[in-house]
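# Observations on the model geometry
Residues per chain are reported as follows:
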Amino acid sequence: ENGSWTLDSDSSYFHFVSYKNQDKVESHSFERLSGNVAKNGSAVLEIDLNSVSTGNNTRDQRMRDMLFETAMHGTAVVSMDVDPDAMAQLNPGQRSTLNVNAALQLHGLETPLTTQLFVQRLTDTRYMVQNVSPVLVKASDYSLEAGIEALRQIAGLNAISTTVPVDFVLYYDLQPTP
Ligand code: UQ8
């Protein structure tokens, strides 16, 4: 199992939740992801912010233009180091919980992120990685508060929460070594 791993983007999921007014809670997603884990364990996940999907095209476009500003900042990038030996030691069917330190680049700013990941080896060549508990993204860490305020105003809402829970299921496949 020496080799790099590639994200299976068709099978993977990435969701986030918004809260507006007093009690309107909605679940949304990003549809396009890409990523890989290099042989030395260096892992990168890229989230295409243009692929934001909230079930409302007008809202999607407003989030691209007024919040993420995708013309300038089209991608969110998560990077971290994975212990390749710990991964290799898992047998198919086995799972493990990893404490990870990652870095999240979003809207031109980068912030460290500590969380727990649940990793399961499915087969010799396939792993599943998911968050253990929702990862909370604070808009203020990425200078996104003004954008949320602009969305609130244009939609005529009383409030939109600026802390955003995200959750994900990622599948990785071992690349055959040439
Ligand atoms: C093998 C191995 C172990 C590999 C590991 C690989 C690896 C690297 C794993 C990564 C692990 C990790 C640590 C991942 C972390 C991932 C994170 C945290 C990524 C962040 C992703 C991200 C960009 C999240 C979004 C953040 C954010 C601030 C979102 C904002 C959401 C909000 C506030 C939405 C508001 C929506 C809303 C209510 C709009 C109002 C509205 C409008 C404007 C409208 O127009 C309209 O109608 C027309 C409405 O009504 C329908 C509206 O409601």
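Refer to the structure presented above.
In this report, the structure presented in the accompanying data block is examined. (Residues numbered from 1 in each chain as written. Predicted model: local features only at pLDDT ≥ 70, side-chain atom pairs only at ≥ 80, totals over all residues. Heavy atoms only, no water.)

### Quick look at the pattern of salt bridges
- Tallied over the entire structure, the rule returns six salt bridges.
- Between Arg 126 and Asp 8 there is a salt bridge, and its shortest N-O distance comes to 3.1 Å. Within this pair, whereas Arg 126 is found in strand E10 (residues 126–131), its partner Asp 8 is found in the loop between strand E1 (5–7) and strand E2 (13–20), the two being separated by 118 residues in sequence.
- Residue Asp 8 is classed as buried on the basis of its relative accessible area of 17%.
- Residue Asp 173 pairs with Arg 126 through a salt bridge whose shortest N-O separation is 3.0 Å. With a gap of 47 residues between them, Asp 173 in strand E12 (residues 163–174) and Arg 126 in strand E10 connect regions that are remote in the sequence.
- When salt bridges with common partners are traced through the structure, they connect Asp 8, Arg 126 and Asp 173 into a single cluster. (Salt bridge = Lys/Arg side-chain N within 4 Å of Asp/Glu carboxyl O. Helix = DSSP H or I, 4+ residues; strand = E, 2+ residues; numbered from the N terminus. Buried < 20%, exposed > 50% of the residue type's maximum accessible area, 1.4 Å probe, protein only.)

### Comments concerning the pairing of strand E7 (residues 75–81)
- By the bridge criterion, seven bridges tie strand E5 (residues 42–48) to E7 in an arrangement that is antiparallel. When the bridges of E7 are listed, Ala 43 appears paired with Met 80.
- Here four bridges tie E7 to strand E8 (residues 95–106), and the two strands are oriented antiparallel to one another. Directly across from Met 80, in E8, lies its bridge partner Ala 102. (Pairing = 2+ DSSP bridges.)

### A few points about the site of the ligand
- Taken together, 38 residues lie around the ligand, and Lys 20, Arg 59, Arg 62, Met 87 and Tyr 172 are the ones closest in.
- In this structure, Lys 20 approaches the ligand through a side-chain N or O atom, which is 2.6 Å from an oxygen atom.
- In this structure, Arg 62 approaches the ligand through a side-chain N or O atom, which is 2.7 Å from an oxygen atom.
- When the free accessible area of the ligand is taken as 1,300 Å², the share hidden by the protein chains comes to 95%. (Near = heavy atom within 4 Å. Polar contact = N/O pair within 3.5 Å; in protein donor to acceptor, adjacent residues only side chain to side chain. Areas by Shrake-Rupley, 256 points an atom, 1.4 Å probe, with all protein chains shown as cover.)

### Description of the side chain of Thr 54
- With respect to the element layout, Thr 54 can be found in the loop between strand E6 (52–53) and helix H1 (57–68).
- Assessed through its relative accessible area of 10%, Thr 54 is described here as buried.
- Looking at Thr 54, its side chain comes within polar contact range of the side chain of Arg 59, at 3.0 Å.
- Once you skip the residues sitting within four places of it in the chain, Thr 54 turns out to touch His 28, Arg 59, Asp 60 and Met 63. (Contact = heavy atoms within 4.5 Å.)

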